[in-house]
Structures are given as C-alpha cells and as structure tokens.
Amino acid sequence: MKNFIYLSIISLLVSACGGGSDDPETPKNEAPTVPTLVAPTDNKLCVDNTVNFQWNASTDANNDAITYHIEVAKDNSFSQIAKTVDVATNNTSITLEKNTAYYWRIKATDSKGLSSISSSTFKLYTSGEAVVNHLPFAPELVEPSINIVLTTATATLQWQATDVDATDVLTYDVYFGTTNPPIAKVSENTSSTSYAVTLEATKEYFWKVVVKDNKGGETIGQVWKFKTN
C-alpha cells in the first residue's frame, strides 16, 4: 500500500513538472524574398546622372521589417563599388558620374539580420554633354562556368556583350592561357561571341575578352577561370 502511495505521488510530481508542452513553438526566422529590379531597365542610357532606382518590394514570412542594400559598381564583378545605399523603401535616387557605365544590384535584410541573396544585375550608362560614343558594357560570361572542372580535351569559350549605342558594331579580342591574367591573344577582332580551345589535362586555365566598338571605344572584361581533370 505504501509503495502504491509513493508511486502515485511521484506520478503527480512528474505530471506537474512536465508542463509547457502545449506552448507554441517560436517560428524559424526566414530570409526575405529576393528583390526584383524595375528601373532603370537593363542596358538603360540615363540622360541624367542623378538616377532613380526602383525595385519590387520583398516579402518576409515572419512579417519582419525589411531594409534594402543597394550596390552600384563600375564593373560587373562588383570589385569597384561606386556607391552603396541602405533604405527602407523600394526606391532611391543616387547621383553618379557622367559618361560612365554602371552595374547595380540589391539585397533585402530583415530586422533580425537575415539577408536574401543579391538580385540579378542590371547595367546602365550615364550620359553627359557632347558625348559622341559610349563604351561597350563589360563582357558577360556564358560558359564555361567559373571554377568548373572539365573532363574534355576541348572547350568552347562563350560570352555576350552589349552597347547602349544600338548602331555600334562590336568585335572581340580573346586572351587565353595558364597564366593569370592571360597574356596570349588567341583571337583578334572577331565578331563571334565564342571561341574553341584545345585543353591539356590537370591544368588551370584563365581567359578574358576585350570588347570594342567601331568608334574606337573598348572595355576590358574580367578574368574567368576553369580547370581540367
């Protein structure tokens, strides 16, 4: 009988101390959605160098307050940052240099410090007085992907480039080799946006493209790289 009483008391104590299981769990914090760029549209020639940037607002599953971090750079790898701005709205105006190509992107951050990935990148060109020619935008990589490992004996280097002067004719110089930066010019003044190369095993290759228009303007692209097995 005593044992039964002791067991009953212990059971009651355990039940009393085991409370809280009905409390709701705190929702896991989620990053805001990625902002979608709206204006200036990609490849835009901006007449005024005070540019109004606009994007579609992000959403947050936890209803946290959102701020936006805008990066404006002079190169498409964002190693030459020209301006950064943090705002709580989905638009802002930034004054930039005249007659200059810029690249911009945005990421959203919630009030708990969790950020989305960066948006896609848009390009723009600020105009100015007496501008006859705008330089082409820097070439953009198509393939092979950066740092990819190839198992083939050949590869086709592919890129794309644009110019706000729609009537300009673009040509390309291609540099390729195992030195960084590559110094061997393997193709010159080609109108093609691809070039086939022969590869050796267990090598790391570097390449870049210089884009030129028919008015004397040229833009040097960044160095891309890949490896072979």
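Residues numbered from 1 in each chain as written. Predicted model: local features only at pLDDT ≥ 70, side-chain atom pairs only at ≥ 80, totals over all residues. Heavy atoms only, no water.

A. Broad picture of the environment of A184. Its location among the elements puts A184 in the loop between β12 (171–177) and β13 (185–190). As for A184 and V174, which are separated by 10 residues in sequence, their C-alpha atoms are 8.4 Å apart. Setting aside its immediate chain neighbours within four residues, A184 contacts V174, Y175 and F176. (Helix = DSSP H or I, 4+ residues; strand = E, 2+ residues; numbered from the N terminus. Contact = heavy atoms within 4.5 Å.)

B. Structural view of the environment of S192. Its place among the elements puts S192 in the loop between β13 and β14 (194–198). Along the backbone, S192 and Q160 are 32 residues apart, and their C-alpha atoms lie at a distance of 9.5 Å. Excluding its chain neighbours within four sequence positions, the residues that come into contact with S192 are W159 and Y172. Engagement of the side chain of S192 in a polar contact is seen with the backbone oxygen of S194, the distance being 3.2 Å. (Polar contact = N/O pair within 3.5 Å; in protein donor to acceptor, adjacent residues only side chain to side chain.)

C. Summary view of the layout of surface pockets. Computed from the structure, the largest pocket encloses a volume of approximately 230 Å³. Elements with a minimum of two residues in the lining of the largest pocket: β7 (100–110) and β16 (218–220). Here the element with the most residues in the lining of the largest pocket is β7; it accounts for 3 residues. Looking at the lining of the largest pocket, its residues break down into 8 nonpolar, 8 polar and 2 charged. (1 Å grid on protein atoms, 1.4 Å probe; cavity = no way out; pocket = protein on both sides within 12 Å on 5 of 7 lines; lining within 4 Å. Points joined across faces, edges and corners; volume = space filled by probe spheres on them. Nonpolar A, V, L, I, M, F, W, Y, C, P; charged D, E, K, R; others polar.)

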